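# Structural characterization, general
So you can see what is in the structure, the chains are spelled out below.
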Amino acid sequence: MLVGVLAAAGATVLGQQQAQPDQAAPAPAGQQQANGQPQQPTFRGGINFVRVDVIASARDGAVVADLQQGDFEVTEDGKPQKIETFKFVELDGGLMQDPNAPAPRRIRTDADEEVEAARDDVRLFAFFLDEYHVRRESSMASRQEISRFIETQLGPTDMIAIMYPLQPIASIRFTRNHEAIRRGIEQFLGRKFEYEPKNEYEQKLMYLPTETVERVRNQISLSAMESLVSHMGGLKEGRKTMVLVSEGYSNMLPPQMRNPVSSNPGVGNPAHNDPNAGRDDPNEFRAMQLSNFDMQEDLRQIYQAANRNNVSIYAVDPRGLATNEFNIAENINTSTDRDYLNSTMDTLRVMAEQTDGRAILNRNDLTLAMKQIVRDASAYYLLGYSSIAAPTDGKFHEIKVRIRKPGVQVRSRKGYWAVSPADVDRMTKVATAAPVPKPVQNALATLAYPTRMRIIRTWIGAERGENGKTRMTFVWEANRAPGAPARGTEQPARVSVTAVGADGSPYFRGRIPTSIPSAPAVPGAASAVPGAKVTFDAPPGPMQLRLSVEGADAQVLDAESRDLTVPDLTAAATIFGTPVIYRARTARDVQLLRTNRDGTPSPVREFLRTDRLLVRVPAYGAPSGVTAKILNRAGQPISELSVAMEGSDAVFEAPLAPLPSGEYILEISAAGTELKELVAFRISG
């Protein structure tokens, strides 16, 4: 496979010199850096530098591992290229490591993710679970197969992530916690051709025609995939794998399903009950041809991004042996059904073939079929060359790799899409842009948490307690949208909380029921999502918080331990407690929260523009008051907020209605001091 080096391209156009070519042969076996870590391969940078990884196998499928640089020939657009870098990469995910070796590093932060993903001995696997393009029954049948594949084929050093279409890329973090990944996969529930809204964004689509909704869903899924492969490209240079679980894509529906209102199937559609509508109709044939052409253009954006970021796409159709695209209840004739089935399956083949992946179609045993994914990621040759043409034309350039030895089969990408002048201009602007302040980066990093892997969402706050202690507040909420149905039997009912000091002395122990409402957390309001809060006092210093999530039948659904530091808030100097954010729906709710501090804080930091936020900050020793601003992602101020002091609390509202979707920062400052607190939040719609 191959990828143009986009990050290095910005440096090139700024006039910096390119790095010199690195070694033409791999480092001797066993060579390591001084720190004991395996030596990382280095690659030449530049806008014209291309990398291509090649899978070489014998006729029986066995990997050929003894090839040398001179055994390979590479041509680009028919012109021979000089191979400048060469390396044979062989990985096993840590399955064969010494049992006495240290355990792989746990991924706790974005920095951990970046450091570990960049290692030469680490494989990256991302699972894109496209619920918009998978039937409900197919998704339920595939959950166990995908989980079994992870458990049996991937190793302890492999880093894995899962993503859903509406999931923001900032929430994606590659992890070695296979159990957390399994929990995320168990939530996979396909909704293909189901238009009942599950969130406020989808409510805006429910009155649109079905074909319009399908096009919107296509764009959501494809843009999310493009973001995912770009994120993967920023983590690692070598081959990376994205497993796409989908039944394929189409911009068109047969006449029987072209309902004027997607949420009212059949109403106002004269072809709804006619199985032969559109059959042998030349207008339908031409419309499908145009639709397929548009879809190919959309797919091109995906495999172009994948090629640039060295990501291979393995398209997995969870239906197994697929015989039809539509169900019998949808009343589609066999001929039309077959045409749509072939068209959607072709979209999966295109993405796989264009990125040196594979399309796993018509296979009932997915676990067995998916073994090829691991084989391809475990042994390959990584070649690099500087393109003679140095193209920046934004066009496709064909690459062919040939091995001089007889009997060796070779697989590599068919080519790559060069950067365009517009790409170069954009990268130049990024390279010359002012860096985002580190405190802002750290605040935004708190939003990147893989919430689907946890059954509950939590928040922990601190304020002054009695007798020199700190009052801790723990809040939990079920990890699902208000009004959305619980999936499976994993519905949390209570959380068992144990807080102990460094010496094991107990600070709190008890179960927290669902009696206290949350979201909007206004006293007297009905609970929309199961959740609760508890407060207890603890002395400043180290504390361990042990959580056990239980279902209604007392079965433990999830458990974790957290090491925290209880802050000392007794100092005479100006100091802040933890900012508390309350989420409300109406102005009356906000007034109730202002006059009653018993409301439950919101444990989430993702809101809608229709939400109203009330923020309460414990501010001790701030004689000149407190100021608050909303900042953008770059740390630049957008608006100043009006702050009122109520006793030792600074209280203000943060209006969301004027802000577009995106990520923002609340900057809270003690006037006349350097003390600042940054709280990141996201507006999703």
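Residues numbered from 1 in each chain as written. Predicted model: local features only at pLDDT ≥ 70, side-chain atom pairs only at ≥ 80, totals over all residues. Heavy atoms only, no water.

### Comments concerning the overall build of the protein
Scanning the protein from terminus to terminus reveals 13 helices and 31 strands. Among the 685 residues that make up the protein, the fraction classed as buried is 52%. Put simply, 74% of the contacts in the protein that link residues at least 6 apart link residues at least 24 apart. With the model as given, the accessible surface of the protein reaches about 30500 Å², and the carbon-plus-sulfur share is 51%. (Helix = DSSP H or I, 4+ residues; strand = E, 2+ residues; numbered from the N terminus. Buried < 20%, exposed > 50% of the residue type's maximum accessible area, 1.4 Å probe, protein only. Contact = heavy atoms within 4.5 Å. Areas by Shrake-Rupley, 256 points an atom, 1.4 Å probe, with all protein chains shown as cover.)

### Things to note about the sheet that holds strand β8 (residues 240–245)
In spatial order, the strands read β7-β6-β8-β9-β10; together these five strands make up an open sheet with parallel pairing. Bordering the open sheet on either side are β7 (159–163) and β10 (359–360), each of which pairs with just one other strand. The sheet contact formed by strand β6 (residues 124–129) and β7 spans five bridges and is parallel. The residue bridging Ala-126 from the neighbouring strand is Ala-161, located in β7. Packed on one face of the sheet, helix α10 (residues 371–378) meets β6, β8, β9 (311–316) and β10 and runs near 165° to β8. (Pairing = 2+ DSSP bridges. Axes fitted to C-alpha atoms, helices over the stretch in contact; angles between N-to-C directions.)

### With respect to the packing of helix α6 (residues 210–233) against helix α7 (residues 282–308)
The contact between α6 and α7 brings their axes to 8 Å, and the two run at 15°. Classified by the angle between their axes, α6 and α7 sit roughly parallel to one another. Of the two elements, α6 crosses α7, and the hand of that crossing is left-handed. Note on element contacts: α7 touches α6 through Met-295, Asp-298, Leu-299, Gln-301, Ile-302, Ala-305 and Ala-306, opposite Asn-218, Gln-219, Leu-222, Met-225, Glu-226 and Val-229. (Parallel < 35°, antiparallel > 145°, perpendicular 65-115°, else oblique. Left-handed = near helix turned anticlockwise from the far one by under 90°.)

### A short note on the pattern of salt bridges
Summed over all chains, the structure comprises 44 salt bridges. Residue Glu-477 pairs with Arg-457 through a salt bridge whose shortest N-O separation is 3.0 Å. One end of the pair, Glu-477, is in strand β16 (residues 470–478); the other, Arg-457, is in strand β15 (residues 456–464), and 20 residues separate them in sequence. Between Arg-633 and Glu-663 there is a salt bridge; the shortest N-O distance is 2.0 Å. Linking Arg-633 in the loop between β26 (626–631) and β27 (637–641) with Glu-663 in strand β30 (residues 662–670), this pair joins segments that are 30 residues apart in sequence. Classification of Arg-633 as partly exposed rests on a relative accessible area of 45%. Taken together, the shared-partner salt bridges connect Asp-53, Arg-239, Asp-356, Arg-358, Asp-376 and Arg-411 into one network. (Salt bridge = Lys/Arg side-chain N within 4 Å of Asp/Glu carboxyl O.)

### Some thoughts on the environment of Val-566
Tracing the backbone through its elements, the reader meets Val-566 in strand β21 (residues 556–566). The class of Val-566 is buried, set by a relative accessible area of 2%. Considered as a pair, Val-566 and Gly-541 are 25 residues apart in the sequence and their alpha carbons are 5.0 Å apart. The contact partners of Val-566, leaving out residues within four places of it in the chain, are Thr-470, Met-472, Ala-538, Pro-539, Pro-540, Gly-541 and Met-543.

### Notes on the pairing of β15
With respect to burial, β15 is a largely interior element, seven of its nine residues being buried. Relative to β16, β15 runs antiparallel, the two sharing nine bridges. Pairing of Glu-463 across the sheet is with Arg-471, part of β16. The turn joining β15 and β16, which pair antiparallel and follow one another in sequence, is formed by five residues; a positive phi near 55° is taken by Asn-467.

### Section: α7
Given a rise of 1.5 Å per residue, 27 residues ought to cover 39 Å, and the 39 Å separating the end C-alpha atoms of α7 matches this to within 8%. Buried within α7 are the following residues: Glu-284, Met-288, Ser-291, Met-295, Leu-299, Ile-302, Tyr-303, Gln-304, Ala-305, Ala-306, Asn-307 and Arg-308. (Expected span 1.5 Å × (residues − 1).)

### Some words on the pairing of strand β25 (residues 612–620)
A large share of β25 lies buried, amounting to eight of its nine residues. As defined by bridge partners, strand β23 (residues 580–584) adjoins β25 across five bridges and the pair is classed as antiparallel. Bridge pairing in β25 links Ala-584 to Arg-612. Where β25 meets strand β29 (residues 649–655), seven bridges bridge the pair, whose relative direction is antiparallel.

### Details of the nonpolar core
Core analysis: the biggest nonpolar cluster contains 38 residues, and Phe-128, Phe-174, Met-225, Leu-228, Met-242, Leu-244 and Met-351 have the highest contact counts within it. Listed by contribution, the elements that provide at least two residues to this core are β6, β7, α6, β8, α7, β9 and α8 (334–353). Here Met-351 is in contact with Leu-244, Tyr-249, Leu-299, Ile-302 and Ile-313, once residues within four sequence places are set aside. (Core = buried A, V, L, I, M, F, W, Y, C linked by side-chain atoms within 4.5 Å.)

### Focus on helix α12 (residues 438–445)
Looking at α12, one finds that the buried residues are Val-440, Ala-443 and Leu-444. Within α12, the buried residues cover an arc of 95° as seen down the axis, which keeps them to one side. Counted as exposed and oriented over 90 degrees from the buried face of α12: Lys-438 and Pro-439. (Arc of directions from axis to C-beta.)

### Notes on the side chain of Thr-175
Mapped onto the fold, Thr-175 is located in the loop between β7 and α4 (178–186). What makes Thr-175 buried here is its relative accessible area of 12%. Side-chain polar atoms of Thr-175 contact the backbone nitrogen of Asn-177, separated by 3.0 Å. (Polar contact = N/O pair within 3.5 Å; in protein donor to acceptor, adjacent residues only side chain to side chain.)

### Points about the sheet that holds β26
Strand order across the open sheet formed by five strands is β24-β31-β30-β26-β27, with mixed pairing between neighbours. A strand with exactly one partner marks an edge of an open sheet, and here the two such strands are β24 (606–607) and β27. Summarising the sheet, β26 and β30 pair through six bridges and their orientation is antiparallel. When the sheet's bridge partners are listed, Val-626 is paired in β30 with Ala-670.

### Some points on unusual backbone geometry
Phi angles above zero are rare outside glycine, and Asp-280 is one such case at about 55°. Of the residues examined, Asp-280 reaches a relative accessible area of 72% and is grouped as exposed. Non-glycine residue Asn-331 carries a positive phi angle of around 65°. Its place among the elements puts Asn-331 in the loop between β9 and α8. According to the relative accessible area criterion, Asn-331 is partly exposed, its value standing at 25%.

### Brief notes about the confidence of the model for the protein
Looking at the protein, the pLDDT average stands at 84 and 87% of residues meet or exceed 70. Low confidence marks residues 1–45, where pLDDT is under 50. Its contacts with residues over four positions away, or in another chain, come to 99 contacts. Here residues 481–489 is modelled with pLDDT under 50, and outside its nearest four sequence neighbours on either side it reaches 14 contacts, counting other chains as well. (pLDDT = per-residue confidence, 0-100.)

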